[in-house]
Amino acid sequence: MSVLLAEPTYSRSRIVDASITVLIVAKDPISKSGIERHLLGMADIEVLPPSVGCHPDVAMVVADAIDDEVVGWIRTIRTHSPSRIVVVASFTERTAASATSAGANGVLARGMADSRRLAWLIQEVHRGDALTTVVAGDRSTDGVSAHRSTLPDPNSSRPVHS
């Protein structure tokens, strides 16, 4: 019986574990590589290749700024996938509202996208604690029914997950 409990569970040809799977969609390969580099060292996050053939837990859209094309990507992901959506881009209040209206669950200012903040937002969105969280500067503003969370200090030695 203990052998059966120790066996991994398989789903769509990959091992299911405690990792949050993330697929990065970016407007340019440099941005994609930079975000991927930040996430690769995170024990609880698994970056999936585009050809994996299954829906990730979180789809991360990366761009210089939120524009009509990015909003279109968000709508397409929302329509065709159960994945939660995080956007990393520069934005205004209006463009952040467009992204969240299109289905983004979290928006992080591009200039704040370090490893700890990316992991924090991915975990918040994955858990469903943040129905919509927009992070800009040193504050986080939430949608009407969202849960308010404190943005992590990137210099803190505390673990990112709770």
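Residues numbered from 1 in each chain as written. Predicted model: local features only at pLDDT ≥ 70, side-chain atom pairs only at ≥ 80, totals over all residues. Heavy atoms only, no water.

### Let's talk about the nonpolar core
Link 1 in the chain: In this structure, V22, I35, L39, M60, V88, L118 and I122 are the most contacted members of the largest nonpolar core, which totals 23 residues.
Link 2 in the chain: Elements supplying a minimum of two residues to this core: β3 (20–26), α2 (29–40), β4 (45–47), β5 (58–65), β6 (84–90) and α5 (115–127).
Link 3 in the chain: The greatest single-element share of this core, amounting to six residues, is contributed by α5.
Link 4 in the chain: Judged by nonpolar contacts, the second largest core, of 17 residues, contains V61, A63, I77 and A99. (Core = buried A, V, L, I, M, F, W, Y, C linked by side-chain atoms within 4.5 Å. Buried < 20%, exposed > 50% of the residue type's maximum accessible area, 1.4 Å probe, protein only. Helix = DSSP H or I, 4+ residues; strand = E, 2+ residues; numbered from the N terminus.)

### Overview of the pattern of salt bridges
Any two side chains of opposite charge can pair, so long as their charged atoms come close to each other.
Link 1 in the chain: In this structure the tally under the stated criterion is five salt bridges.
Link 2 in the chain: Measuring nitrogen to oxygen at the nearest pair gives 3.5 Å for the salt bridge that ties R110 to D64. Residue R110 is found in the loop between β7 (106–108) and α5, and its partner D64 is found in strand β5; the two are separated by 46 residues along the sequence.
Link 3 in the chain: Within this structure, K27, D67 and E69 form a network of salt bridges that share partners. (Salt bridge = Lys/Arg side-chain N within 4 Å of Asp/Glu carboxyl O.)

### A closer look at the confidence of the model for the protein
Link 1 in the chain: On average, the protein scores 77 in pLDDT, and the residues at 70 or more come to 69%.
Link 2 in the chain: Confidence over residues 1–16 falls short of pLDDT 50; this stretch has 11 contacts with residues more than four positions distant or in other chains.
Link 3 in the chain: Confidence drops under pLDDT 50 across residues 138–151; counting only partners more than four residues distant or on other chains, this segment forms 28 contacts. (pLDDT = per-residue confidence, 0-100. Contact = heavy atoms within 4.5 Å.)

### Quick notes on α2
Link 1 in the chain: For α2, spanning 12 residues, the distance from its first C-alpha to its last is 16 Å, which sits close to the expected 16 Å at 1.5 Å a residue.
Link 2 in the chain: On the buried face of α2, the contacting elements are β3, β4, β5, β6 and α5. (Expected span 1.5 Å × (residues − 1).)

### Remarks on the pairing of β3
Link 1 in the chain: Among the seven residues in β3, five count as buried, and that is most of the element.
Link 2 in the chain: Note: β3 against β4, three bridges, orientation parallel. The residue of β4 that forms the bridge with T21 is E46.
Link 3 in the chain: In this fold, the crossover linking β3 to β4 by way of α2 has right-handed handedness.
Link 4 in the chain: Both β3 and β5 contribute to a ladder of five bridges, which runs parallel. (Pairing = 2+ DSSP bridges. Right-handed = clockwise from strand over helix to strand, strands pointing away.)

### Considerations on the side chain of S83
Link 1 in the chain: By the element assignment, S83 lies in the loop between α3 (68–80) and β6.
Link 2 in the chain: On the accessibility criterion, S83 (2% relative accessible area) is buried.
Link 3 in the chain: From its side chain, S83 meets the backbone oxygen of P56 in a polar contact 2.5 Å long.
Link 4 in the chain: At a separation of 2.7 Å, a polar atom in the side chain of S83 contacts the side chain of S81. (Polar contact = N/O pair within 3.5 Å; in protein donor to acceptor, adjacent residues only side chain to side chain.)

### Some details on the side chain of T21
Link 1 in the chain: Structurally, T21 is set in strand β3.
Link 2 in the chain: Here the side chain of T21 touches D57 through a polar contact of 2.8 Å, landing on its backbone nitrogen.

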